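Descriptive structure summary
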Amino acid sequence: MKDIPLTQKNDRIRTIFITIGAILLFIVSVGFLNLDMATFMSRFEQSGEVIKHFLAIDTSDLGTVFSELLLSLSMAVASLVLGAIISFILACLGADNISPLPFLSAVIKGIMSVIRAIPSLVWILMIVASLGFGSLAGIIGMMFPTVGYLTKSFISSIEEVPAQVIETMKSTGANWFQLIQEGILPNVSKLFLNWLTIRVEGNVAESISLGMVGAGGIGTLLTRAISSYDYGRITFIVLVIFSTMFAVEMFVTRAKKAI
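These numbers were taken from a predicted model, which means no experiment stands behind them.

This part is about the nonpolar core. One finds Ile98, Ile158 and Ile184 to be the most contacted residues of the largest nonpolar core, which totals 24 residues. Mapped onto this core, the elements with two or more residues apiece are helix H4 (62-94), helix H5 (102-117), helix H7 (135-159), helix H8 (163-171) and helix H9 (176-210). Counting 17 residues, the second largest nonpolar core, distinct from the first, contains Leu69, Leu221, Phe236 and Met245.

Turning our eyes to something else, we now look at the environment of Ala91. Tracing the sequence through the fold places Ala91 in helix H4. For Ala91, a relative accessible area of 0% gives the class buried. For the pair formed by Ala91 and Phe144, sequence separation is 53 residues and the distance between their alpha carbons is 15 Å. Residues within four places of Ala91 in sequence aside, it is in contact with Thr151, Phe154, Ile155 and Ile158.

Take the packing of helix H6 (residues 120-131) against H7 next. Packed helices, taken two at a time, are described by the angle their axes make and the gap between the axes. Running from N to C, H6 and H7 cross one another at 145 degrees; their axes reach a closest spacing of 8 Å. For H6 against H7, the interelement crossing comes out right-handed. Counted together, Ser120, Trp123, Ile124, Ile127, Val128 and Leu131 of H6 and Ala137, Gly138, Ile140, Gly141, Phe144 and Pro145 of H7 form the full contact between these two elements. By residue class, the composition of the contact of H6 with H7 is 9 nonpolar, 3 polar and no charged.

Moving on: unusual backbone geometry. Phi at Tyr229 takes a positive value of approximately 55 degrees, unusual for a residue other than glycine. Summarising the element assignment, Tyr229 is placed in the loop between helix H10 (218-227) and helix H11 (231-258).

On to the environment of Ile118, then. Secondary-structure assignment places Ile118 in the loop between H5 and H6. Overall, the relative accessible area of 25% leaves Ile118 in the partly exposed class. When the C-alpha atoms of Ile118 and Phe144 are compared, they prove to be 9.3 Å apart, with 26 residues separating the residues in sequence.

The rules behind each value
- Residues numbered from 1 in each chain as written.
- Predicted model: local features only at pLDDT ≥ 70, side-chain atom pairs only at ≥ 80, totals over all residues.
- Heavy atoms only, no water.
- Core = buried A, V, L, I, M, F, W, Y, C linked by side-chain atoms within 4.5 Å.
- Buried < 20%, exposed > 50% of the residue type's maximum accessible area, 1.4 Å probe, protein only.
- Helix = DSSP H or I, 4+ residues; strand = E, 2+ residues; numbered from the N terminus.
- Contact = heavy atoms within 4.5 Å.
- Axes fitted to C-alpha atoms, helices over the stretch in contact; angles between N-to-C directions.
- Left-handed = near helix turned anticlockwise from the far one by under 90°.
- Nonpolar A, V, L, I, M, F, W, Y, C, P; charged D, E, K, R; others polar.

Below you can see the structure in the form of structure tokens.
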């Protein structure tokens, strides 16, 4: 009986080279970081004392924490709704198969690529510098990544609509608006809702993190607690954030199953 190898020799050699390359890349990356392991180990001995401080939970500001959490959630929902409306319009103009002007599709896709390439934190910092601190800056700042994500997703969904559907609608004399209403939306509505449920979780997470740079909400409270070394309050706020994200995750999961 002749043994049949589970993997080809070339595959094994390729795997070995990839593994060696990954290890070398890790070593080079660590070398560039100039990690001070001696300082880390000396500080690590104090970690037990720090953990004891974090075990104390300060709930004295319960009302303020939940009101700021509500503000963060409101910013997330507002930016999602406004971003979804703008994204739908841009997607209808930018999808290759239904765009009224061919060059407009390329322009919209190019702009969305630029928007997605810039992190949310950069957007919010630019908006805060322009409009000042507050929830308005947070909503506008989160709209940019929301529009970038949803427009790309919506365009991909529209472009997957069978060409026969579009050709049939056009052959009946349907105009552009009728084509979208009667031909596109029935085929992509579930996909659109799926993209929106996914984006909800991202917006909630961003609204919390962006609050730490001046957008308002529970992130601002967390920044203040960290700056004052208020360990009990930090622990409580982190637990509230964790519970919120868990609840949002459960909501998104159930919504996706329902869709």
